[in-house]
Amino acid sequence: MDHWSFLFGQIAIYSFLVLLVTGVFLTFFYDPDLTQVVYQGSYLPLRDVPVSRAFASSLEISFDVRGGLLMRQAHHWATLVFVAAVCLHLLRLFFTGAFRRPRGLNWLIWIGLLVLGMAAGVTGGILPDDMLSSGSLSLIQGITQSIPFIGTTVTGWLFGDEAPGTQIVPIFYWLHVIVLPIIMAELFVARRWLLQRHGHSHYPGAVHVPPLASLALFFFTAAMLTLLGTVAQINPIWQYGPARPGTIGAGAVPDWYMGFLDGAIRVMPAWEPVIGGHPVTLSVLIPALIVPGAFFTVLAAYPLLERRFTRDTKPHHTLDRPREAAVRTALGAAGMTFYGLLWAAAANDQIAHTFDVSLFAVTWFFRVAVIAGPVLAFELTRRLCLGLRGQEREELAHGVETGTVRRSPEGGYTEVTVAVREQAGIGGTPVT
């Protein structure tokens, strides 16, 4: 490891370990049962209220199990940090070209970890069976029902005869605590095997960081997640109350990594054509399934696409500076802009309320921006990269301006320049 950006991958691994430890603790006390009971726990405002066993056990963990609330909150924070670290690590891989041969499979592993991490976060958010998870279930039901021809069948598999039913939480429970963690752990093992086989990619002028620094990062990550779980309240289910079909609390929003999905649904026009006598809910199908599916498919296939268009099939172990691959960097900026605008669109109602503007106007702004914004970001970033490369060529040819002006004996004035002999690499080490 030779640069701070390599730390994102390690933070993701260490956050996953914290997720495993806290998750094992929580399974001893959580009951994935939607059978209705009368709550008789220590939280007085909900005493004698009919709730599900899942919600009652979540309250018990929060108020009656020693250290339970700390574990719940640290577990939730670890999920948020894990997905963030994977996203940042993928950005580092993309902008530096670390996905090129022989590391294409490593790129796919991290894409898979991102998708699985998001799925684990969604399934875990459903388990408390509170008002917020009720809204998420309604969204999942709407997405599955929007699938043409098989939507009703898929909804029946998940929810049973009547949504939300009583089987969805047990299904998500076993996915969350068994299936998804095992697959993610296997992907981390595969990543480790690939790392031993191909070695680390590195920046020019790499400096090796001793293993003790990695151990210190593990303790720091665990300590920070514990601190967040202690002092930063998250997902206070006792304030939301138990789930009620067809209801959702005001201002309820998903975790940050699912904001793009919420925003896409909000800005999508209400299109519902009738095809072959069947209504097709494009207003949900396109933003919730087609757009995310296409985005992640292109992301996963990008190494093959770049290799095809650039005809570069050589193995690469030294990383690029982003400016050295102007088109790739511009595409990354366009993708980030697209994601960021959808993420911001999830707060269109809050933006309209805060700035006292029309919700209709804010929604139309985002409808136009998600199309025009990525194009503009692509061209600006490409020109910036080309400009930086042109500046470097100019400095190599004529030297770096020092700001010192000298007068010659003949009376002429010239600026003193210094020849560029060394160029700093990304890692901060000069490269001859």
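Nothing here was measured: the structure is a model prediction, and the numbers come from that model.

**Focus on the pattern of salt bridges**
In a structure, side chains of opposite charge can pair up when their charged atoms sit close to one another.
Consideration 1: A full pass over the atoms with the stated rule returns twelve salt bridges.
Consideration 2: For Arg328, the salt bridge goes to Glu306, with nearest N and O atoms at 3.1 Å. With Arg328 in helix H12 (residues 326–345) and Glu306 in helix H11 (residues 282–310), the pair connects residues that are 22 residues apart, well separated along the chain. This pair shows no difference in class: Arg328 is buried, exactly as Glu306 is.
Consideration 3: Two residues, Glu392 and Arg321, come together in a salt bridge whose shortest N-O distance is 2.9 Å.

**Describing the packing of helix H3 (residues 68–96) against helix H4 (residues 104–126)**
Consideration 1: For the pair H3 and H4, the least separation of the axes is 10 Å and the interaxial angle reads 155 degrees. With respect to their mutual orientation, H3 and H4 come out roughly antiparallel. In this structure, H3 crosses over H4, and the sense of that crossing is left-handed. Mapping the contact onto sequence places Thr79, Phe82, Val83, Val86, Cys87, His89, Leu90, Leu93 and Phe94 in H3 and Asn106, Trp107, Trp110, Ile111, Leu113, Leu114, Gly117, Met118 and Gly121 in H4.
Consideration 2: Residues belonging to the contact of H3 with H4 are distributed by class as follows: 13 nonpolar, five polar and no charged.

**Side note on the environment of Ile286**
Consideration 1: Residue placement: Ile286 occurs in helix H11.
Consideration 2: The partly exposed category is assigned to Ile286, whose relative accessible area is 21%.
Consideration 3: In this structure, Ile286 is in contact with Met268, Val291 and Pro292, ignoring residues within four places of it in sequence.

**Some points on empty space enclosed by the protein**
Consideration 1: Considering all chains together, one arrives at one cavity of 30 Å³ or more under this definition.
Consideration 2: Quantified by volume, the largest cavity comes out at close to 70 Å³.
Consideration 3: Arg100, Arg101, Pro303, Glu306, Arg307, Thr310, Asp312, Lys314 and His316 together form the lining of the largest cavity.
Consideration 4: Residues belonging to the lining of the largest cavity are distributed by class as follows: one nonpolar, two polar and six charged.

**Overview of helix H5 (residues 131–145)**
Consideration 1: The terminal C-alpha atoms of H5 lie 21 Å apart, and with 15 residues this matches the ideal 21 Å at 1.5 Å per residue to within 8%.
Consideration 2: Structurally, H5 contributes buried residues whose contacts are with H4, helix H6 (151–159), helix H7 (168–198), helix H9 (237–240), helix H10 (259–267) and H11.

**Section: helix H2 (residues 53–63)**
Consideration 1: Burial runs high along H2: eight of the eleven residues are buried.
Consideration 2: For H2, the set of buried residues is Ala54, Phe55, Ala56, Ser57, Ser58, Leu59, Ile61 and Ser62.
Consideration 3: Those residues of H2 that are buried are in contact with helix H1 (7–27), strand E1 (36–38), strand E2 (50–52), H3 and H9.

**Focus: unusual backbone geometry**
Consideration 1: Residue Arg101 is joined to Pro102 through a cis peptide bond whose omega torsion reads 10 degrees.
Consideration 2: Residues other than glycine seldom take positive phi values, yet Asp48 does so here, at roughly 70 degrees.
Consideration 3: The residue Asp48 is located in the loop between E1 and E2 in this model.
Consideration 4: Its identity as a non-glycine residue notwithstanding, Asn235 has a phi of 50 degrees, on the positive side.
Consideration 5: By relative accessible area, Asn235 is classed as buried at 12%.

Quick notes on the rules
Residue numbering note: each chain is counted from 1, following its sequence as written. Given that the model is predicted, a residue must reach a pLDDT of at least 70 before its local features are reported, and side-chain atom pairs must reach 80 or more before they are shown or counted; all residues, however, enter totals for whole chains, interfaces and linings. Side-chain metrics rest on all non-hydrogen atoms present in the structure, leaving aside hydrogens and water. Salt bridge, as used here, is a side-chain nitrogen of Lys or Arg placed within 4 Å of a carboxyl oxygen of Asp or Glu. Numbering goes from the N terminus for both helices and strands, where a helix is a DSSP run of H or I of at least four residues and a strand is a run of E of at least two. Any residue under 20% of the maximum accessible area for its type is buried, any over 50% is exposed, and the rest in between are partly exposed; the area is computed with a 1.4 Å probe on protein chains only. Between N-to-C directions, angles cover 0 to 180 degrees, with each direction set by a line fitted to C-alpha atoms, over the stretch in contact for helices. Roughly parallel refers to an angle under 35 degrees, roughly antiparallel to one over 145, roughly perpendicular to one between 65 and 115, and oblique to any angle outside these ranges. Two helices that cross are described as forming a left-handed crossing if the nearer one is turned anticlockwise from the farther one by less than a right angle, and a right-handed crossing if clockwise. Residues are treated as being in contact if the distance between any of their heavy atoms lies within 4.5 Å. For this classification, Asp, Glu, Lys and Arg are treated as charged, while Ala, Val, Leu, Ile, Met, Phe, Trp, Tyr, Cys and Pro are nonpolar and the rest, including Gly, are polar. Using a grid of 1 Å spacing that covers the protein atoms alone, one calls a set of points a cavity when a 1.4 Å probe fits there but cannot get out, and a pocket when the set is open and has protein on both sides within 12 Å along at least five of seven lines; lining residues are those with an atom within 4 Å of a point. Grid points are joined across faces, edges and corners, and a volume is the space filled by probe spheres set on the points. For a helix, the expected span equals 1.5 Å multiplied by the number of residues minus one.

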